[in-house]
Amino acid sequence: MVASTSYVTPSNTAASGRMAAVVEMARLQRLLFEAEREFVRTATTLIYRVGEPELKYLLCQHVWESAGHARFLRERGREMSGFGSGEATREFLQRLFTEAVMPTDSYVALAGFYRVLKPALLSAYRHYLQVTHPLADWPSRKLAEEFIADEERHAREIEPFLGNLPAGSDAWVAHLRHALAAEGGLLGESVRRPLPGDFVWESAARRYQHPPTCNRGRYPTCSSVFSTDPAETPIVRQWLTDPQTDARVIRLMVYVWLMMEMDAVDYLATVFFDTPQAPFDLHYDLARHLWDESRHSAFGFRQLSKLGVDLMTVEHSLDLYHILVQMPPHERYAMMTMEFEAGSFPTKAAVMDRVRELNDFEADTLLAFDRNDEQNHVRYGHRWLPEIMRLGGETRSVEEFIAATQARFAELAQIHGGRTPHSVPAAQRLTGNAIRRLVGLP
Ligand SMILES: [Fe+2]
Ligand SMILES: [Fe+2]
C-alpha cells in the first residue's frame, strides 16, 4: 500500500474544538515523524559517498535510530486525534531533505545534514517538550526526552568526522539554513524568514544520481576478494570448505568476508532514495538490514586488526556496487536477498563448524549473530520483494523476476565487473598465501 496523504486541517466543528490541545500536539508529532522519515530516505545517500568505514558504520546506526524514532512517533501519534492515517511526507520536507543530498562533495553534504538538519530535529524535539503538557501528554513527553538524548549523542558521535570540512561547507550550510528558516524550522516553531532573492534550489535544477563507484577513502581497492587463486585474493573459495584448511586460516578468511559486507552497506544504502513511495515499514526494515550489514562489516574490520592484519593490505572489493548501481532498486534488492544472502548459508555453516575448533568464543558469537541476522534478511526479502517490485512497476511473478534479474546481473557483470585493478602489488597484498604465512604455516 502506498501511504495516502492525509493531514488534519483544523476545522471549526465543536468536536475538533474540544480536542484542539490533542490535535495540535498530534500535528507536531506528525511533522516529527515525517522529518525522521525524510532523514532516513536522504541521509542514506551519504553512506556510499563517504570513505571512512567508521563513518559509514556511524551513519548506518544513526539512520537505524531515526527509523526507530519515526516508528515510535507513528505508534504514539496514532493514539492521538489528528495524526492522520497515511504515512506520506509533505512537500516542503521532501524538498528540504532532497536539497540536502545535492552537493557533489559528500563531506559538504555531510556538513549540511549534521550542521543544519540534525540540529533542526533536536530543536524540534525540544520545542515539543516545551509546548506540551507534561502530565496530560506524558507518553509523548517520554519519547521526546529519549529522542533528545539520542540527538545530543548523535551530535557528539559525528563531531570527530566534521573536523576537516572542505571549502564550500560554510556556504552550503548557510544555503540550507535559509531553506529551513523559510519554513520557520521543521515545526514552524520560529519566525519564517523569506528566502534571499538570489536563492536557487539545486534540486530543482538537476536530479541527484548515485555515483558510479562507492568511496572507500584511503583503503586499497580491487574488483573482488573471492577467487580460487591463493596468490591473488584473500578468500580462496575451495579452502573455505576443504577439511585440510587450517581453522585459523578459515577464521581470517571469514573476517575478510564479513568486512566486505561493506559492499552490502554501500549498495543497500542506495535503495532508500530510489523508493520515495515506499511504505514506512519497508524503509524501517531496510534501515535495520543496513545497520546489521554495517555491524557485520565492523566485526571483520575490528577483528582483522586484532589478529595482526594490516588493514592497508586488505583491498576492498567494488564489483557488487559497480554492477548493482546500474540496476533499478527492485533488482538490486532481489539480488541481495534472494541470491547473495539466501545462497550464503551452506558455506557459512561449514565455516562456523571449522571456526568452533579454535575455542574462540568471540568468533563463534560474531558468526552466530551474523547467521541469525542473515536469516532475518532473507525473511525481509520474502516480505518486501513483491512490494518493491510493485513500486518499480514490475508485473512478472516473483520467480520469473528473480530468474530474469539473475541473468541480467550476469550480463551487467560482463560490462561493469572486473574493472577495478588491484591497487596493492601481490607481494604486499593480503592474499590466501599471506594469510597462511600470518598464522605461521609454511
Ligand atoms: Fe551480513
Ligand atoms: Fe544480510
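Quantities reported herein were computed from a predicted structural model and do not represent experimental measurements.

Enquirer: Could you give me a rundown of the overall build of the protein, with the residues and numbers involved?
Expert: From N to C terminus, the protein includes 18 helices and four strands. For 442 residues, the compact-globule estimate of 2.2 N^0.38 gives 22 Å, and the C-alpha radius of gyration of the protein, at 24 Å, lies within 12% of that figure. C-alpha atoms of the protein, sized along the principal axes, occupy 85 × 45 × 40 Å. Taking the contacts inside the protein whose residues are at least 6 apart along the sequence as the reference set, 82% of them involve residues at least 24 apart.

Enquirer: For the domain arrangement of the protein, give the residues involved together with the corresponding values.
Expert: Split into domains, the protein comes out as domain 1 (19–187) and domain 2 (221–438). Once you take the C-alpha centre of each, domain 1 and domain 2 turn out to be 30 Å apart. Taken together, the contact pairs 21 residues of domain 1 with 21 residues of domain 2. Counting only elements with at least two residues in the side of domain 1 that touches domain 2, the list comes to helix 2 (20–43) and helix 3 (53–77).

Enquirer: Requested: an account of the packing of helix 5 (residues 106–131) against helix 6 (residues 138–158), with residues and values cited.
Expert: At a closest axis distance of 9 Å, the pairing of helix 5 and helix 6 adopts a crossing angle of 155°. Regarding the angle of helix 5 to helix 6, the classification is roughly antiparallel. For helix 5 against helix 6, the interelement crossing comes out left-handed. In contact with Tyr114, Lys118, Leu121, Leu122, Tyr125, Arg126, Tyr128 and Leu129 of helix 5, helix 6 contributes Arg141, Ala144, Glu145, Phe147, Ile148, Glu151, Glu152, His154, Ala155 and Ile158. Taken together, the residues that form the contact of helix 5 with helix 6 break down as eleven nonpolar, one polar and six charged.

Enquirer: Any details on unusual backbone geometry? Residues and values, ideally.
Expert: Phi is mostly negative for residues that are not glycine, and the peptide bonds are mostly trans. We note that Asn359 has phi near 50°; this positive angle belongs to a residue other than glycine. Mapped onto the elements of the fold, Asn359 is located in the loop between helix 15 (345–356) and helix 16 (361–391). On the basis of neighbour counts, which here come to 8 C-beta atoms within 10 Å, the residue Asn359 falls in the exposed class.

Enquirer: So, helix 12 (residues 280–306): which residues are in play, and what are the values?
Expert: Taking 1.5 Å of rise per residue, 27 residues should cover 39 Å, and helix 12 covers 39 Å from first to last C-alpha, within 8% of that figure. Just past helix 12, the residue Gly308 takes up positive phi, approximately 90°.

Enquirer: How would you summarise the packing of helix 10 (residues 247–259) against helix 15 if you had to cite specific residues and measurements?
Expert: Viewed as axis vectors pointing N to C, helix 10 and helix 15 meet at an angle of 130°, and their least axial separation amounts to 9 Å. Taken together, the axis directions place helix 10 and helix 15 in an arrangement best described as oblique. Crossing angle aside, the handedness with which helix 10 passes helix 15 is left-handed. Residues Ala247, Ile250, Arg251 and Val254 of helix 10 touch helix 15, and the partners they reach there are Val351, Arg354 and Val355. For the contact of helix 10 with helix 15, the per-class residue count stands at five nonpolar, no polar and two charged.

Enquirer: Describe in detail the nonpolar core, supporting the description with residues and values.
Expert: One finds Cys60, Val63, Ala124, Met253, Val256, Leu268 and Leu290 to be the most contacted residues of the largest nonpolar core, which totals 114 residues. A per-element tally of this core places helix 5 first, with 13 residues. Here this core spans two domains, and each of domain 1 (19–187) and domain 2 (221–438) adds at least three residues to it. Once residues lying within four places of it in the same chain are set aside, the contact partners of Met253 are Pro234, Ile235, Trp239, Leu240 and Ile435.

Enquirer: Any chance you could break down the environment of Arg90 for me, citing the residues and the numbers?
Expert: Of note, Arg90 is situated in the loop between helix 3 and helix 4 (91–100). Counting along the chain gives 56 residues from Arg90 to Glu34, while the straight-line C-alpha distance between them is 7.5 Å.

Calculation criteria
Residues numbered from 1 in each chain as written. Chains lettered and ligands numbered in written order. Predicted model: local features only at pLDDT ≥ 70, side-chain atom pairs only at ≥ 80, totals over all residues. Helix = DSSP H or I, 4+ residues; strand = E, 2+ residues; numbered from the N terminus. Rg over C-alpha atoms; globule rule 2.2 N^0.38 Å. Contact = placed C-beta atoms within 7 Å. Domains from an automatic or database assignment. Axes fitted to C-alpha atoms, helices over the stretch in contact; angles between N-to-C directions. Parallel < 35°, antiparallel > 145°, perpendicular 65-115°, else oblique. Left-handed = near helix turned anticlockwise from the far one by under 90°. Nonpolar A, V, L, I, M, F, W, Y, C, P; charged D, E, K, R; others polar. Buried ≥ 20, exposed ≤ 12 C-beta atoms within 10 Å, placed from the backbone. Expected span 1.5 Å × (residues − 1). Core = buried A, V, L, I, M, F, W, Y, C linked by C-beta atoms within 7 Å.

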